[in-house]
2 protein chains.
Amino acid sequence: MSHSSNSTDEILRKRGYRLTPQRHMILSVIQEANEHLSIEQIAERVQQINPYVSLSTVYRTLDLLKNLELIREGHIPGEQAHYEAADGQAHHHLICRRCRQTIHLDTALLGNLDKQLQEQYHFHHLALDLVATGYCSACWQAIQQEEQGPENLAEPPARQSQ
Amino acid sequence: MSHSSNSTDEILRKRGYRLTPQRHMILSVIQEANEHLSIEQIAERVQQINPYVSLSTVYRTLDLLKNLELIREGHIPGEQAHYEAADGQAHHHLICRRCRQTIHLDTALLGNLDKQLQEQYHFHHLALDLVATGYCSACWQAIQQEEQGPENLAEPPARQSQ
DNA sequence: TTGATTGCAAAGCGTTTGCAATGAG
DNA sequence: CTCATTGCAAACGCTTTGCAATCAA
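These figures come from a predicted structure and were not determined experimentally. (Residues numbered from 1 in each chain as written. Chains lettered and ligands numbered in written order. Predicted model: local features only at pLDDT ≥ 70, side-chain atom pairs only at ≥ 80, totals over all residues. Heavy atoms only, no water.)

Draft legend 1. Expanded view of the overall build of chain A. Along the backbone of chain A there are six helices and six strands. In sequence order, the secondary structure elements of chain A are arranged as α-α-β-α-α-β-β-β-β-α-β-α. Residues classed as buried in chain A amount to 38% of the 162 residues present. Only carbon and sulfur atoms are counted for the fraction: they give 47% of the accessible area of chain A, which is about 9,800 Å². (Helix = DSSP H or I, 4+ residues; strand = E, 2+ residues; numbered from the N terminus. Buried < 20%, exposed > 50% of the residue type's maximum accessible area, 1.4 Å probe, protein only. Areas by Shrake-Rupley, 256 points an atom, 1.4 Å probe, with all protein chains shown as cover.)

Draft legend 2. Representation of the side chain of Ser38 of chain A. With respect to the element layout, Ser38 of chain A can be found in strand β1 (residues 37-38). Once you skip the residues sitting within four places of it in the chain, Ser38 of chain A turns out to touch Gln80, Ala81 and His82 of chain A. (Contact = heavy atoms within 4.5 Å.)

Draft legend 3. Representation of the interface of chain A and chain B. Contact with chain A, which involves 39 residues of that partner, is made by 41 residues of chain B. Regarding the contact of chain A and chain B, the summed buried area is about 3,500 Å², with carbon and sulfur atoms giving 62% of it. By the criterion of area lost to chain B, the three top residues of chain A are Lys14, Phe123 and His124 of chain A, representing 17% of everything that side buries. Remark: the boundary between chain A and chain B carries two salt bridges. Between Glu69 of chain B and Arg97 of chain A there is a salt bridge, with its nearest N and O atoms 3.3 Å apart. Taken together, chain A and chain B are joined by 14 residue pairs in polar contact (both at pLDDT 80 or more). (Buried area = accessible area lost by both parts, 1.4 Å probe. Salt bridge = Lys/Arg side-chain N within 4 Å of Asp/Glu carboxyl O. Polar contact = N/O pair within 3.5 Å; in protein donor to acceptor, adjacent residues only side chain to side chain.)

Draft legend 4. Expanded view of the protein's contact with DNA strand D. In the neighbourhood of DNA strand D, 18 residues make up the surrounding shell, with Arg18, Thr20, Arg23 and Thr57 of chain A together with Tyr59 of chain B lying closest. Per the 4 Å cut-off to the protein, sugar and phosphate atoms form 67% of the nearby atoms of DNA strand D. Between DNA strand D and Arg23 of chain A there is a distance of 2.5 Å, counted from a phosphate oxygen to a side-chain nitrogen or oxygen. By residue class, the composition of the surface near DNA strand D is five nonpolar, seven polar and six charged. (Near = heavy atom within 4 Å. Nonpolar A, V, L, I, M, F, W, Y, C, P; charged D, E, K, R; others polar.)

Draft legend 5. Quick peek at the sheet that holds strand β5 (residues 102-106) of chain A. Across the sheet, six strands lie side by side as β5(A)-β4(A)-β6(A)-β6(B)-β4(B)-β5(B); this open sheet has mixed pairing. Two strands close off the open sheet at either side, each with one partner strand: β5 of chain A together with β5 (102-106) of chain B. Neighbouring strand axes in the sheet, compared pairwise and without regard to direction, differ in orientation by 20° on average. Against the sheet, helix α5 (residues 113-121) of chain A contacts β6 (124-135) of chain A together with β4 (91-96), β5 and β6 (124-135) of chain B, and its axis sits at roughly 125° relative to β6 of chain A. (Pairing = 2+ DSSP bridges. Axes fitted to C-alpha atoms, helices over the stretch in contact; angles between N-to-C directions.)

Draft legend 6. Just the pairing of strand β4 (residues 91-96) of chain A, in detail. Residue and element names in this part refer to chain A. The buried fraction of β4 amounts to six of the six residues, a majority that puts the element mostly inside the structure. Alternating positions in β4 separate into two faces, His91, His93 and Ile95 on one and His92, Leu94 and Cys96 on the other, with burial throughout. Pairing between β4 and β5: five bridges, direction antiparallel. Residue pairing in the sheet places His92 in a bridge with Leu105 of β5. The turn joining β4 and β5, which pair antiparallel and follow one another in sequence, is formed by five residues; a positive phi near 70° is taken by Arg100. Sheet topology note: the β4/β6 ladder contains four bridges and is parallel. Residue Leu94 lies in a different strand from β6, and its bridge partner there is Ala132.

Draft legend 7. Fine view of the pattern of salt bridges. Residue and element names in this part refer to chain A. Under the criterion given, the structure shown has 14 salt bridges over all chains. Between Asp9 and Arg13 there is a salt bridge, with the nearest N and O atoms lying 2.6 Å from each other. Residue Asp9 and its partner Arg13 are both found in helix α1 (residues 6-14); the two are separated by four residues, about one turn of the helix. Overlapping salt bridges bring together Asp63, Lys66 and Glu73 as one network.

Draft legend 8. Here's a closer look at the domain arrangement of chain A. All names here are of chain A. Segmentation of chain A into domains returns domain 1 (1-87) and domain 2 (89-149). Put simply, the middle of domain 1 and the middle of domain 2, counted by C-alpha atoms, are 25 Å apart. Contacts between domain 1 and domain 2 engage 11 residues on the former and 10 residues on the latter. Across the domain 1/domain 2 interface, buried area totals approximately 830 Å², and carbon plus sulfur atoms make up 48% of it. (Domains from an automatic or database assignment.)

Draft legend 9. Structural context of the side chain of His91 of chain B. All names here are of chain B. Locating His91 in the fold gives a position in strand β4. The buried category is assigned to His91, whose relative accessible area is 17%. Among the polar contacts made by the side chain of His91, one reaches the side chain of His93 at a distance of 3.4 Å. Excluding its chain neighbours within four sequence positions, the residues that come into contact with His91 are His36, Glu84, His104, Leu105 and Thr107.

Draft legend 10. Focus on the relation of the copies chain A and chain B. Note on the copies: chain A fits chain B at an RMSD of 0.0 Å, the axial shift is 0.0 Å, and the rotation between them is 180°. Classification of the inter-copy transformation places it as that of a two-fold axis. Scanning chain A for the C-alpha nearest the rotation axis identifies Leu130 of chain A, at a separation of 2.2 Å. Comparing interface residues between copies, 97% of those in chain A also lie at the interface in chain B; the contact surface is shared. (Least-squares fit on C-alpha atoms with pLDDT ≥ 70 in both.)

Below is the structure:
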């Protein structure tokens, strides 16, 4: 629970930026969350403290903090981008295409992939974002059912007749 | 170069859909491309053949083909979704945050990750989409330069005098 | 006839931008 | 003073939706 403050201030100043109250609030909100937050969630929480912080400022600040690598940005198709403190554990997502259930995957799953890419392509400051989609077991079963439903009820043992 | 046609037609019909000229064109365009295409690119190519195909149809068709798993959808932050034939090799992306240079990564990089997830979480029909971002070596050097550029040229051993 | 499909235009929605006002150095 | 930063409202751009017309079974 001890975060940001002066060291953050220096990081910004070194690059010619200021740690304004808005920026500080936004960063704090992200650092104090236990999960990643969407822009909407961030704005909500910030505006709970100061209702006059504008959405544009949130967007602009998120972009800045991302470039400074103080926060990480993640993406899930069909959802707003989400953000988490850069010093926390990164994680990935496994999503059911049908019910949208989302499982968080540990970064360890990808092993030393960053190092591999770094060495092979000479990229620096790598950040990985993996999204796996499929059908969870419940939905998978439901789908099977539906297929032998109304229309295609006739599906005899022997398949592939073409 | 031999694709779709009758078998595709059956896949659609089995689920109560029709293989309309529009759908066929859209799928063909994707299957005949050597790289993944954005919605815009797909619409462009389709409209080159028939200028009266509407954008909504492209969107609706893409969504349908994706659900039928005839095509795969991929995402790169800041770009439109892109599509490729489901029977081709999947691939991932390594992107430079500064110059946006994009390198295509082979699926092999992720090894048996799908199987792992399948076994551990009992998900079916898994599709993976990995996006790695960082700074390419050229940009990385450029950034280093800038940091000791115009402003912060004086970087004497002892700082923080505020 | 019935239901799927399409084109068009309008609506939606998240994000970005121009600009004047504010504030720190 | 000068330049970074902000709030506001307008502009944007991509995507979705309502609806009447069309088309296949």
